[in-house]
Protein chains: 2
Amino acid sequence: MGKLKKKTDSPSLADLGETALIARIRKGLPVSRKVKVAIGDDTTVIQQDKQHDLLLTVDTSIDGIDFLLKEQPADKIAKKVLAQNLSDIAAMGGVPEYALISLGMPSDLPVKTVDLFYRGLCQMARRYQVSIVGGDMSRSRQFFASVTLSGRVARDKAVLRSGAKSGDWILVTGQLGGSILGSHLNFVPRVKESLALTRRYKLNAMIDVSDGLVTDLGHLLKASGKGAVLRLDHIPIAPAARRLAQKSGETALKHALSDGEDFELLFTCAPSVARKLLKAKGGIQTRITHIGEIMAGGGLFYQSSSTAKKVKASKWQGYQHF
Amino acid sequence: MGKLKKKTDSPSLADLGETALIARIRKGLPVSRKVKVAIGDDTTVIQQDKQHDLLLTVDTSIDGIDFLLKEQPADKIAKKVLAQNLSDIAAMGGVPEYALISLGMPSDLPVKTVDLFYRGLCQMARRYQVSIVGGDMSRSRQFFASVTLSGRVARDKAVLRSGAKSGDWILVTGQLGGSILGSHLNFVPRVKESLALTRRYKLNAMIDVSDGLVTDLGHLLKASGKGAVLRLDHIPIAPAARRLAQKSGETALKHALSDGEDFELLFTCAPSVARKLLKAKGGIQTRITHIGEIMAGGGLFYQSSSTAKKVKASKWQGYQHF
């Protein structure tokens, strides 16, 4: 916008941006009637049989973009790439089942790196009773790992982004911000928490916080056609966000609101459900915090004790891949 | 083997080779009891419900290795990457259903290239009633496309590589060799043929010819623990293999035996079944040829009318990815 473009005939992906690119692509896709949710949620939802829906998701991570193979141990990278997918299944209220692993690898890659990668992958898979059922390997200049994960959920029980209702309370698991200091490579995907919550409580909408709280709440609001007020004094700020703030010059709150890769669950439910859930701590070990409410009107507002006035949120841009 | 290695501590993928790498990896993989076939066939086979098994496969194609984005139209590349997966589902006797597309793209890639890629992808998907249900996009130095495809097959009816029986006839659809002259970008995945054949006839083993007839027959024999004799005079040699032979200095027969990317179906069945099938032309338009027999003993032998003597096959190496 506003900058000079030399090649007006043929804009590049960088010119267009990721959001516009996805919107452009999803228009023409062939989709059968059994597909309940295609693009636009944490996973696809497909009618499988009378009891279950099938969840499918894929996530590709690339050396130099999503991780640094030279600096980070290959087993931790592997755990992260699988955990990201596990988090997506968790965000639907599903049980993860089968994984396919597609690797692109330079031919001079040491075999021990591949061994270490698979050791981490298998550890994480076993921890969540996921079967690694196949995959392929290709020669490539950059190392990359593309993980496809399937899951199942009781029929019509997937918790979508689009289900938020006016008046719903907004809740989040764990603490937010500063994942770059370490937790982004070492997070616990909220699979058990999601199953415990969805078994006991009627959740209306859910998403995992991968791009940052405000960005992912924005996705949920857009899918639901709603607005929200966030109570800034209630945001659970991670200690790492406070440590990071000392270096970055930003506030810890801003890190909690906008940093990516927390992989916590952000969900909404009716106030009566939320009160019971909070009283019982959701029946889980992980902290759950009430951070705001869904509103009928569009837009996102911030409210704090110091300024009772609602403030239209300045847009904190989430991570754009192009 | 025999060459000097500088880094004995840490062999690279190129030192190890693809076959050894896969063998190394598949040992430790976690797999549940519902998984009937994990690694080692054209797709995974998983028990889904009382009527059906679920098939899953992934295939990644990379610019500069599997195709050339600068020289080949993006829609043809897209059709090929999906068709390769369709061929894998066909090789199991399955019906393709849902695809996930993961793309790695340089940020200076023209948007029109992405548009063209998706146009080809959607055309091919529609032709086979496949739904494109999701995917992701990443920034990468090389363009690549990772396609995950699911399919279904009647319970326990997937045709595996491992089912060949001594005395089975070996049959192949279509014609072989010379795909590099064009058909590798423009082949018809044998989905309809596979369904027509498996509905009417009891096939014991099947694989698609992606790495070359001899190599893929080798995979089938190894999985089945059998040997085979190939009747060289009966190999259906493609016109392209003959044209290629005029330039390459190899015989057309050698191209038919060893060129990759034919994507024809190679299958075995009892002689009584094969005779009926050949008489009825399998009930399909595509040519089917009887090219040999399965033997109890190991090894692959060639037989031709000029030399009635069986000859132990010299190994024609299939494509190795590292």
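Bear in mind that the values here come from a model prediction, so they are computed numbers and not experimental data.

Participant: Just to check I follow, could you spell out the relation of the copies chain A and chain B for this structure?
Facilitator: Superposition of the two copies of the chain requires a rotation about an axis and a shift along the axis. Mapping chain A onto chain B is achieved by rotating through 180° and translating by 0.0 Å along the same axis, at an RMSD of 0.0 Å. Taken together, the rotation and translation describe the operation of a two-fold axis.

Participant: Got a minute to help me understand the side chain of Asp208(B) in this structure?
Facilitator: Residue and element names in this part refer to chain B. Examined against the element boundaries, Asp208 turns out to sit in strand β8 (residues 205–208). Lacking a salt bridge, the buried Asp208 has Arg161 as its closest oppositely charged neighbour, with an N-O distance of 5.3 Å. Residues contacting Asp208, with those up to four places away along its chain left out, are Asp42, Ser87, Asp88, Ala91, Asp216, Phe263 and Glu264.

Participant: Help me understand the sheet that holds strand β2 (residues 44–47) of chain B, please; the structure alone is not making it clear to me.
Facilitator: Residue and element names in this part refer to chain B. In spatial order, the strands read β1-β2-β3-β6-β4-β5; together these six strands make up an open sheet with mixed pairing. Looking at which strands have only one partner, the edges of the open sheet turn out to be β1 (35–37) and β5 (131–139). The average undirected angle you get between the axes of adjacent strands in this sheet is 20°. Two strands pair when backbone bridges link them, and β2 and strand β3 (residues 52–62) are joined in this way by four bridges, in the antiparallel orientation. Within β3, the position partnered with Gln47 by the bridge is Asp53.

Participant: Help me out: how do you make sense of the confidence of the model for chain A in this one?
Facilitator: Predicted coordinates in regions of low pLDDT should not be interpreted in detail. For chain A, per-residue confidence averages 91 on the pLDDT scale, and 93% of positions sit at 70 or higher. Note that pLDDT drops below 50 for residues 1–7 of chain A; the model gives that stretch one contact with residues more than four away or on any other chain.

Participant: Explain the packing of helix α3 (residues 74–90) of chain A against helix α4 (residues 111–127) of chain A to me, please; I cannot follow it from the model alone.
Facilitator: Each pair of packed helices can be described by the angle between their axes along with the distance between the axes. Residues and elements named next belong to chain A. Relative to each other, α3 and α4 sit at 40°, their axes nearing to 7 Å. Taken together, the axes of α3 and α4 are oblique relative to one another. In this structure, α3 crosses over α4, and the sense of that crossing is right-handed. Contact with α3, carried on its side by Ala74, Asp75, Ile77, Ala78, Lys79, Val81, Leu82, Ala83 and Leu86, involves Thr113, Leu116, Phe117, Gly120, Leu121, Gln123, Met124, Ala125 and Arg127 of α4 and no other residues of that element. Its residues placed into classes, the contact of α3 with α4 shows twelve nonpolar, three polar and three charged.

Participant: Looking at this structure, I do not really get the interface of chain A and chain B. What am I missing?
Facilitator: A common way to express how large an interface is: the accessible area buried when the components associate. Of the residues lining the interface, 68 residues belong to chain A; the matching set on chain B comes to 68 residues. The contact between chain A and chain B buries some 5900 Å² in all, and 63% of this surface belongs to carbon and sulfur atoms. Considering only the side of chain A, the residues that lose the most area to chain B are Pro30(A), Met137(A) and Arg139(A), jointly responsible for 11% of the buried surface there. Connecting chain A to chain B are two salt bridges.

Participant: I would appreciate a short explanation of the sheet that holds strand β1 (residues 35–37) of chain A in the present structure.
Facilitator: Backbone-to-backbone hydrogen bonds join strands into a sheet, with any given pair of strands oriented parallel or antiparallel. Residue and element names in this part refer to chain A. Overall, mixed pairing links the six strands, which are arranged β1-β2-β3-β6-β4-β5 in an open sheet. Here the strands that pair on one side only, and so sit at the sheet edges, are β1 and β5 (131–139). Strand-to-strand twist across the sheet, computed as the mean angle between neighbouring axes with direction ignored, equals 20°. Where α4 meets the sheet, its contacts fall on β4 (95–105), β5 and β6 (144–154), and the angle it forms with β4 comes to roughly 170°.

Quick notes on the rules
- Residues numbered from 1 in each chain as written.
- Chains lettered and ligands numbered in written order.
- Predicted model: local features only at pLDDT ≥ 70, side-chain atom pairs only at ≥ 80, totals over all residues.
- Heavy atoms only, no water.
- Least-squares fit on C-alpha atoms with pLDDT ≥ 70 in both.
- Helix = DSSP H or I, 4+ residues; strand = E, 2+ residues; numbered from the N terminus.
- Buried < 20%, exposed > 50% of the residue type's maximum accessible area, 1.4 Å probe, protein only.
- Lys, Arg positive; Asp, Glu negative; His and termini not counted.
- Salt bridge = Lys/Arg side-chain N within 4 Å of Asp/Glu carboxyl O.
- Contact = heavy atoms within 4.5 Å.
- Pairing = 2+ DSSP bridges.
- Axes fitted to C-alpha atoms, helices over the stretch in contact; angles between N-to-C directions.
- pLDDT = per-residue confidence, 0-100.
- Parallel < 35°, antiparallel > 145°, perpendicular 65-115°, else oblique.
- Left-handed = near helix turned anticlockwise from the far one by under 90°.
- Nonpolar A, V, L, I, M, F, W, Y, C, P; charged D, E, K, R; others polar.
- Buried area = accessible area lost by both parts, 1.4 Å probe.

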